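# Commentary on secondary and tertiary structure
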Amino acid sequence: MSQDEAPTDLMGYAEMAQDALRGVVKSALKRAASPEGLPGEHHLYISFRTRAPGVSIPADLLARYPDEITIVMQHQYRDLAPGETFFSVTLTFGGQPKHLSVPYAAVTRFADPYAQFGLEFHVPDAPIVVAEPEPETESDDGAPKIVSLDQFRKK
């Protein structure tokens, strides 16, 4: 390696740091899920990619927020369950309760404005997969192939 080349991080320190900082999100959610809930005026803003692998949100929210959504957790949240790799919570949108399940790896921003604390994370864009229609089977002369069902009937 020449002196002009930047060394390559084969250890993945940037990813390790991101994972460690996501631990702050997990710890804050565990505190919010405790019987005491969030102390004082603390409230959490959590932004996440709605199409990231493992995210589960109702279809109407996905249609409304096709890329990213920010949720606020302060006084009105239910069933908060912070797990090891994801959290789930029920929040109210337009007067209707909606259950969300979000992997920590999908979180792009986390903030507690009361404490003037915030974190940003790198989350790769999730590819949108569009299924291609199956091509029609055609006979040699270009006309659609017709299959007789008689060959499948019991005699």
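The text that follows walks through the structure, step by step, so that each part is easy to find.

Here is what the cut-offs are and how they apply
- Residues numbered from 1 in each chain as written.
- Predicted model: local features only at pLDDT ≥ 70, side-chain atom pairs only at ≥ 80, totals over all residues.
- Heavy atoms only, no water.
- Core = buried A, V, L, I, M, F, W, Y, C linked by side-chain atoms within 4.5 Å.
- Buried < 20%, exposed > 50% of the residue type's maximum accessible area, 1.4 Å probe, protein only.
- Helix = DSSP H or I, 4+ residues; strand = E, 2+ residues; numbered from the N terminus.
- 1 Å grid on protein atoms, 1.4 Å probe; cavity = no way out; pocket = protein on both sides within 12 Å on 5 of 7 lines; lining within 4 Å.
- Points joined across faces, edges and corners; volume = space filled by probe spheres on them.
- Nonpolar A, V, L, I, M, F, W, Y, C, P; charged D, E, K, R; others polar.
- Pairing = 2+ DSSP bridges.
- Axes fitted to C-alpha atoms, helices over the stretch in contact; angles between N-to-C directions.
- Contact = heavy atoms within 4.5 Å.

### A closer look at the nonpolar core
Membership of the largest hydrophobic core comes to 29 residues, with the highest contact counts inside it found for L29, I71, M73, F87 and L100. Of all the secondary structure elements, the ones that give two or more residues to this core are helix 1 (13-33), strand 1 (44-49), strand 2 (68-73), strand 4 (86-93), strand 5 (96-103) and strand 6 (107-112).

### Some words on the layout of surface pockets
Its boundaries defined by the atoms lining it, the largest pocket holds a volume of some 170 Å³. Each residue belonging to the lining of the largest pocket can be placed in one class, and the counts come to four nonpolar, two polar and three charged.

### Considerations on the sheet that holds strand 5
Taken together, three strands build an open sheet; the order of strands is 3-4-5 and the sheet is antiparallel. Looking along the sheet, the strands with just one partner apiece sit at the ends: strand 3 (78-82) and strand 5. On average, each strand axis in the sheet is tilted by 20° relative to the strand beside it, whichever way the strands run. Sheet analysis places strand 4 next to strand 5, joined by eight bridges and oriented antiparallel. Within the sheet, the bridge partner assigned to V89 lies in strand 5 and is L100. In this fold helix 1 packs onto strand 3 and strand 4, with an angle of close to 145° to the strand it touches most, strand 3.

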